[in-house]
Amino acid sequence: MLTNTPPTTPAEPARRSDGPAEQTYYIIDFDSTFTKVEALDVLGEISLAGRPERDNVLAQIKAITDRGMAGEISLAQSLSMRLELLSAHRDHLPALVEVLSDKVSDSFQRNRAFLTENANNIYIVSSGFREFIVPIVTALGVREDHVFANTFTFDDKGNITGCDPENPLSKDRGKVQLMRDLNLDGDVYVIGDGYTDYEIRESGLANKFYAFTENVMRPSVVEKADHIAPSLDDFLFDNKLSRSQSYPKSRIKVLLLENVHPVAVQLFEQEGFNVEIRKGALDEDELIEAIRDVSILGIRSKTNVTRRVLEHANKLMTVGAFCIGTNQIELDACTERGIAVFNAPYSNTRSVVELAIGEIIMLIRGIVPKSNAMHLGTWDKSAKNSYEVRGKKLGLVGYGNIGTQLSVVAEALGMEVYFYDVVDKLALGNARKCKSLDELLAIADIISLHTDGRADNKNLISYREFGLMKNGVIFLNLSRGHVVDIPALVDAVERGKVIGAGIDVFPHEPKTNNEEFMSALRRLPNVILTPHIGGSTEEAQANIGSFVPGKLLEYMNNGSTYGSVNFPELQLPLLKGAHRLLHIHANVPGILAKMNTIFANYHINIQGQYLKTNEHIGYVITDISKEYAAEVVHELRAIDNTIKFRLLY
Ligand SMILES: NC(=O)c1ccc[n+]([C@@H]2O[C@H](COP(=O)([O-])OP(=O)(O)OC[C@H]3O[C@@H](n4cnc5c(N)ncnc54)[C@H](O)[C@@H]3O)[C@@H](O)[C@H]2O)c1
Ligand SMILES: O=C(O)[C@H](O)COP(=O)(O)O
């Protein structure tokens, strides 16, 4: 006997645009498929809260779940073992439903329309329990009488004692039995993460089994599947069903290098992208190998995205520098290929400023040699060559985001600030502008570099520049390694021209933490060496980890390029009730006219159109009504000088 009544008449045909068969039924599992979690694990967390044995019991419950899902123990065994451990009560169920309603799989949340539009053809078949499944799935449009699951048994005090033994779903191969009883007339597609879902296909009662891997990937299940569905979008795309994503994001690869913050990984995964992470940087050849099928690349300061790399990056649409500097990316080559580049221009500014201030104080007091000596047992209490920063002249080379913020904080400590920038910048507070680099170098007691990493800045500070500085100057470089000529700095330190230096960036930096740092600066006195950590604070990395994906996702989902370092900047309205055509082309005359001629020829109603160009490319976004001939897209792609074309809906 079934715990709920199967429909007595065949389900009505669903309203689908262009589905695979006349009558197709979708059989969907609940735990770890419809929701991200196993409900009995969550019930255990609730029912065992506050008990000393909680963690131990929860681990046992999870292990039993996994063994059951992988087909290692029978379903009946798995159910009864877990229920016995749970100590759950009827009163725990509302809390369970509340937790589960927040744990609906992201791709199911996104595709509610599929669930409601096809409600007559969708069945939930689960070894879970109706008591929590029905409220969750019906809220998203599934019919209550299409939910087939177990039911709990309770004692007279309301404790959960087990499950109704009459229900076929409580038994081994229960889903197979249920599908036999349902006797659906048409194609049957099963979507699930467990072995019991595959059993339906194995028994010949389904045409296809889709292993759903958005939440868990079970190798023993995946190897049996007709298809692997990393998300519901992927399943819908595969079956040409209406869906929320024009192209399933699970088929779009994101490669994140250099240990970017986990929040970034989470943001891309939440959106359904296929994310690969690597801890270190890659050299050119390694990146060429890794980038072939990548659409979104995330790097930090050590991965060079060269023209040669880009020649192998046929799918690449956008690059995110999870840092401030973009000198490691060949921006012109990206632009020519229609690849939009974004960075995080302010997220670690404060961290660099704080390190600079800290180092200035440490260096001017000679703390590093004093501390080193103390570690060797030497007590050298003296004020010689130890100074306050108050009243000292701080010279900033580069007065951008970091330079200006350092200027403000340094003034608060009583320093006199001088700056030199190639661009005419507004002086903040009492800071004084210098007319030339030479003027600044001659005036300052402490010199700190904050220029960007453009190629022209190579060896900006070399023998001549050190020669212009005061004797006994303090020197900091937290900008880019190539800005300082290292042999000249070594010479200046050895001659006592520079009596203290703080260096965070180097012309050659190790790719990973396992490589040795090689530099002529090693072992020089009163020189603080740090491994390019100016921006490496928890706060900065978390800020960058959410800021940059925000930009990349806006570009991918909406086409907006606001904040791009190489694309014409456009902040676009959200796409509603239209299809959005994104056309990137070389900036030559007449492209917009050609596009609009195509729209006119096909009588297309334009809902909105936006154009922006820079010296290299033009970017045209056109929102059009949903009904149009497929040839329109082909013709737009074929316009001369088209670099890239994308369709969003
Ligand atoms: N050490 C780290 O971990 C770390 C962290 C963040 C940023 N950075 C680096 O710090 C530097 C500054 O960052 P920002 O955010 O202030 O950049 P920014 O672009 O806001 O400012 C750079 C300024 O330097 C000026 N400039 C360029 N070349 C110059 C020159 N030759 N002489 C004088 N001025 C020149 C520019 O006009 C600009 O005003 C960048 O190189 C960035 O990559 C390092
Ligand atoms: O450009 C930057 O923001 C800094 O150089 C920091 O780079 P990182 O992310 O590689 O530490």
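Residues numbered from 1 in each chain as written. Chains lettered and ligands numbered in written order. Predicted model: local features only at pLDDT ≥ 70, side-chain atom pairs only at ≥ 80, totals over all residues.

*Asks:* So what exactly am I meant to see when it comes to the overall build of the protein here?
*Replies:* Helix and strand counts for the protein stand at 25 helices and 24 strands. Each principal axis of the C-alpha distribution contributes one length, and for the protein these read about 95 × 75 × 40 Å. The buried share of the protein, reckoned over its 649 residues, is 42%. Within the protein, contacts between residues separated by at least 24 positions form 63% of all contacts whose residues are at least 6 apart in sequence. (Helix = DSSP H or I, 4+ residues; strand = E, 2+ residues; numbered from the N terminus. Buried ≥ 20, exposed ≤ 12 C-beta atoms within 10 Å, placed from the backbone. Contact = placed C-beta atoms within 7 Å.)

*Asks:* Looking at this structure, how should I read the domain arrangement of the protein?
*Replies:* Where interface size is given, it is often the accessible area lost as the parts come together that is meant. When its domains are assigned, the protein resolves into domain 1 (24–238), domain 2 (252–342), domain 3 (349–536) and domain 4 (568–648). Centre-to-centre separation of domain 1 and domain 3, based on C-alpha positions: 60 Å. (Domains from an automatic or database assignment.)

*Asks:* Looking at this model, I keep getting lost on the site of ligand 1. Mind explaining?
*Replies:* Close to ligand 1 lie 30 residues; Gly325, Gly398, Gly400, Ile402 and Gly534 are nearest. Of all the secondary-structure elements, those providing two or more residues to the shell around ligand 1 are helix 17 (349–364) and helix 19 (401–412). Ranked by residue count, the leading element in the shell around ligand 1 is helix 19, at three residues. For the shell around ligand 1, the per-class residue count stands at eleven nonpolar, 15 polar and four charged. (Near = placed C-beta within 6 Å. Nonpolar A, V, L, I, M, F, W, Y, C, P; charged D, E, K, R; others polar.)

*Asks:* Looking at this structure, I do not really get the site of ligand 2. What am I missing?
*Replies:* Neighbouring residues of ligand 2: Arg300, Ser301, Lys302, Phe322, Cys323, Ile324, Gly325, Asn348, His532, Gly535 and Ser536. In the shell around ligand 2, the residues fall into three nonpolar, six polar and two charged. Shared between two domains, the shell around ligand 2 holds at least three residues of each, these being domain 2 (252–342) and domain 3 (349–536).

*Asks:* Before we go on, may I ask you to explain the UniProt feature "domain: ACT" (unreviewed entry) in the protein in this structure?
*Replies:* The sites that UniProt annotates as "domain: ACT" (unreviewed entry) are residues 580–649. Segment residues 580–649 splits into 27% helix and 43% strand. End C-alpha atoms: 6 Å apart. (UniProt positions renumbered as here; feature names shortened; annotations may be inferred.)

*Asks:* Hey, could you run me through the pairing of strand 18 (residues 473–477) in this one?
*Replies:* Regular strands place side chains that alternate from one sheet face to the opposite one. Most of strand 18 sits inside the fold, with five of its five residues counted as buried. The side-chain alternation of strand 18 yields two buried faces, one formed by Val473, Phe475 and Asn477 and the other by Ile474 and Leu476. Alignment of strand 17 (residues 446–449) against strand 18, held across four bridges, turns out to be parallel. In the sheet register, Leu449 faces strand 18, and the bridge partner there is Asn477. Traced from strand 17 through helix 21 (residues 463–468) to strand 18, the parallel crossover comes out right-handed. (Pairing = 2+ DSSP bridges. Right-handed = clockwise from strand over helix to strand, strands pointing away.)

*Asks:* What's the story with the packing of helix 2 (residues 39–47) against helix 5 (residues 93–101) in this structure? I'm lost.
*Replies:* When two helices pack together, their arrangement is captured by the angle between the axes and the distance separating the axes. It is at 10 Å that the axes of helix 2 and helix 5 come closest, and there the two elements cross at 125°. As the angle between them shows, helix 2 and helix 5 are arranged oblique. Note on packing geometry: the crossing formed by helix 2 with helix 5 is right-handed. Along its contact with helix 2, which presents Ala39, Val42, Leu43 and Ile46, the element helix 5 presents Ala95, Leu96, Val99 and Leu100. Across the contact of helix 2 with helix 5, the residue classes tally to eight nonpolar, no polar and no charged. (Axes fitted to C-alpha atoms, helices over the stretch in contact; angles between N-to-C directions. Parallel < 35°, antiparallel > 145°, perpendicular 65-115°, else oblique. Left-handed = near helix turned anticlockwise from the far one by under 90°.)

*Asks:* Would you take a moment to explain the sheet that holds strand 7 (residues 208–212) for this structure?
*Replies:* Strand pairing in a sheet relies on backbone hydrogen bonds, with the paired strands running either antiparallel or parallel. Taken in spatial order, the six strands of this open sheet run 3-2-1-6-7-8, and their pairing is parallel. Across the chains shown, the open sheet's two edge strands, defined by having one partner strand only, are strand 3 (147–150) and strand 8 (227–229). For this sheet, the mean angle separating the axes of adjacent strands, direction not counted, is 20°. For strand 2 (residues 122–129) and strand 3, the ladder comprises three bridges, and the chain directions are parallel. Across the sheet, the residue bridging to Ile124 is Val147, located in strand 3. Taken strand by strand, helix 8 (residues 130–138) contacts strand 2 and strand 3, and its axis lies near 145° from that of strand 2.

*Asks:* Could you clarify how one ought to interpret the sheet that holds strand 15 (residues 416–420) in this entry?
*Replies:* Read across the open sheet, the seven strands follow the order 16-15-14-17-18-19-20; overall the sheet is parallel. The open sheet has two edge strands with one neighbour each: strand 16 (432–433) and strand 20 (527–529). Packed onto the sheet, helix 19 meets strand 14 (393–397), strand 15 and strand 17 and runs at close to 165° relative to strand 15.

*Asks:* Would you take a moment to explain helix 17 for this structure?
*Replies:* For an α-helix, 3.6 residues make a turn, and residues three or four places apart therefore share a direction. End to end, helix 17 covers 23 Å across 16 residues, agreeing with the expected 22 Å (1.5 Å per residue, within 8%). Residues Thr349, Ser351, Val352, Val353, Leu355, Ala356, Glu359, Ile360, Leu363 and Ile364 constitute the buried set of helix 17. Buried residues along helix 17 sit against helix 19, strand 17, strand 18, strand 19 (498–503), strand 20 and helix 23 (538–558). Taken from the residues just after helix 17, Gly366 is the one with a positive phi, measuring 65°. (Expected span 1.5 Å × (residues − 1).)

*Asks:* Explanation requested: unusual backbone geometry in the structure shown.
*Replies:* Glycine aside, negative phi is the norm for most residues, and most peptide bonds take the trans geometry. The backbone phi angle of Lys240 is positive, close to 55°, even though this residue is not glycine. Checked against the element boundaries, Lys240 lands in the loop between helix 12 (232–238) and strand 9 (253–256). With a phi angle near 55°, His603 is a residue other than glycine that sits in the positive phi range. For His603, the location among the structural elements is in the loop between helix 24 (591–601) and strand 22 (606–613).

*Asks:* Explain the environment of Glu336 here, please?
*Replies:* As for its placement among the helices and strands, Glu336 is situated in helix 16 (residues 331–336). On the basis of neighbour count, Glu336 is assigned to the partly exposed category, with 16 C-beta atoms found within 10 Å. Taking the C-alpha atoms as reference points, Glu336 and Val548, 212 residues apart in sequence, are found 22 Å from one another.

*Asks:* Can you help me understand the pairing of strand 11 (residues 294–299) in this one?
*Replies:* The buried fraction of strand 11 amounts to six of the six residues, a majority that puts the element mostly inside the structure. As defined by bridge partners, strand 9 adjoins strand 11 across four bridges and the pair is classed as parallel. Bridge pairing links Leu256 to Gly298 in strand 11. Where strand 11 meets strand 12 (residues 318–321), four bridges bridge the pair, whose relative direction is parallel. By the bridge assignment for strand 12, Ile299 is matched with Ala321.

*Asks:* How do you make sense of the confidence of the model for the protein when you look at a structure like this?
*Replies:* With 97% of its residues at a pLDDT of 70 or more, the protein shows a mean pLDDT of 93. Every residue in residues 1–20 is under pLDDT 50, and counting partners more than four places away or in other chains gives 37 contacts. Predicted complex, confidence summary: ipTM 0.99, pTM 0.82. (pLDDT = per-residue confidence, 0-100.)

*Asks:* I keep staring at the environment of Arg646 and nothing clicks. Help me out?
*Replies:* Relative to the elements of secondary structure, Arg646 occurs in strand 24 (residues 642–648). Using a count of 17 C-beta atoms within 10 Å as the deciding quantity, one classes Arg646 as partly exposed.

*Asks:* Just checking my understanding: could you explain the environment of Asp31 for this structure?
*Replies:* Position of Asp31 relative to the elements: it lies in helix 1 (residues 30–34). Among the residues examined, Asp31 registers 28 C-beta atoms within 10 Å and is labelled buried. When neighbours within four sequence positions are excluded, Asp31 is seen to be in contact with Glu38, Ala39, Ser126 and Gly128.

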